[in-house]
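Structural overview for review
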Amino acid sequence: MNTPFPDRDIRQRGLIPADKLSSIHALVIGVGAIGRQVALQLASIGVSRMTLYDHDYVAVENLAVQGYWPADLGQPKVHATAKVCQQILPGMEITTVSERFRRSEAQMHDAETKLVVFACVDSISTRKMLWDSLYSQVALFVDGRMYAEIIRVLAIDDRMEPSLYLATLFPEQEAHTGSCTYRSTIYSASVAAGLMVAQFTRWLRRIPVVLDQTLNLLSCELVAPGETN
C-alpha cells in the first residue's frame, strides 16, 4: 500500500513484518469495547485491508467505555470506527457492514489474502456460529472475552486442532451472568485488544500462538495454560 508516510512504521519493523501485512484481510466482528480498540490497533500497525461488522449505533453509554466521541452519537459504530482507522492509515481498504454477521456472508475468502478473524462479540452462541461459519477459511481466529476486569483471549490457527477451541464454547448458562459489556472500562478493553493483536503479530512471525490466556487486572494474575503449534 502506498502511503505518504513511508517511515510511519520504522520503530516496529523489527517486530512486525510489513511484507506480510499486505497479504492480510482482517475481519473484526463487533466494534464495541474490545472490537473498536482492535480495529484501531490493526490500522496503527499497518493492516491495509479490513472489514468491520456491527449492527449497533453509538449511544451515550458507549462514550467512556468504548472510546467513541460525542460527535459519533447516533452513527453506526462501524462507520465511526472506520473513519478513525482511515485517519490513522490513509488509503487503507476498509469495508463496513452495519448489521449482524450472518452465516450466509461467510464465503469471503480471497485466494490472494489470508483471512484473520477477530471475534469481539458478547455471547457464546454467537462465537460458535462464527466459528462454524468461518473456521474452514481462516488462517487465524482470535476471540476476545471480557467481564469487568477479567480478560480472556483465545487464538487458534489453521495448524491447530479445532477441538481445542470448541472445548471453550461452554453452554451459555455456565458463563458469567450478564453480557461482557455490562460492566467494562476502556482500559480493560484496550488491554484485551492488545493481547489479541499481540497473538496476531506472533502468528505473523511464525511464533506459536497461545491458545488460551486469562488476565485478571484486579488481582494482577495471568494464567496461560500453555502454547501449542
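The rules behind the values
- Residues numbered from 1 in each chain as written.
- Predicted model: local features only at pLDDT ≥ 70, side-chain atom pairs only at ≥ 80, totals over all residues.
- Heavy atoms only, no water.
- Buried < 20%, exposed > 50% of the residue type's maximum accessible area, 1.4 Å probe, protein only.
- Helix = DSSP H or I, 4+ residues; strand = E, 2+ residues; numbered from the N terminus.
- Pairing = 2+ DSSP bridges.
- Right-handed = clockwise from strand over helix to strand, strands pointing away.
- Phe/Tyr/Trp six-rings, centres within 6.5 Å; stacked < 30°, edge-to-face > 60°.
- Lys NZ or Arg CZ within 6 Å of the ring centre and 35° of its normal.

**Structural notes on the pairing of strand β1 (residues 24–29)**
With six of six residues buried, β1 lies mostly within the body of the structure. Burial of β1 is two-sided: the residues Ile24, Ala26 and Val28 facing one way and the residues His25, Leu27 and Ile29 facing the other way are all buried. Alignment of β1 against strand β4 (residues 114–119), held across six bridges, turns out to be parallel. If you follow Ile29 over to β4, its bridge partner there is Ala119. Judged from the four bridges that link them, β1 and strand β2 (residues 49–53) form a sheet pairing that is parallel. Residue pairing across strands places Leu27 opposite Thr51, the latter belonging to β2. In the classification by handedness, the crossover that spans β1, the intervening helix α2 (residues 33–45) and the parallel β2 is right-handed.

**Digging into the packing of aromatic side chains**
Under the defined criterion, the tally for this structure stands at seven aromatic pairs. Ring centres 5.9 Å apart and planes at 80° place the aromatic pair Phe118 and Phe200 in the edge-to-face group. In this pair, Phe118 sits in strand β4 while Phe200 sits in helix α7 (residues 186–204), placing the two residues 82 residues apart along the sequence. A connected cluster of aromatic rings, assembled from ring pairs, spans Trp131, Tyr135, Phe141 and Tyr165. Above the face of the Tyr68 ring, Arg36 is positioned so that its terminal group lies 4.1 Å from the ring centre.

Any link to function would need more than the numbers given here.
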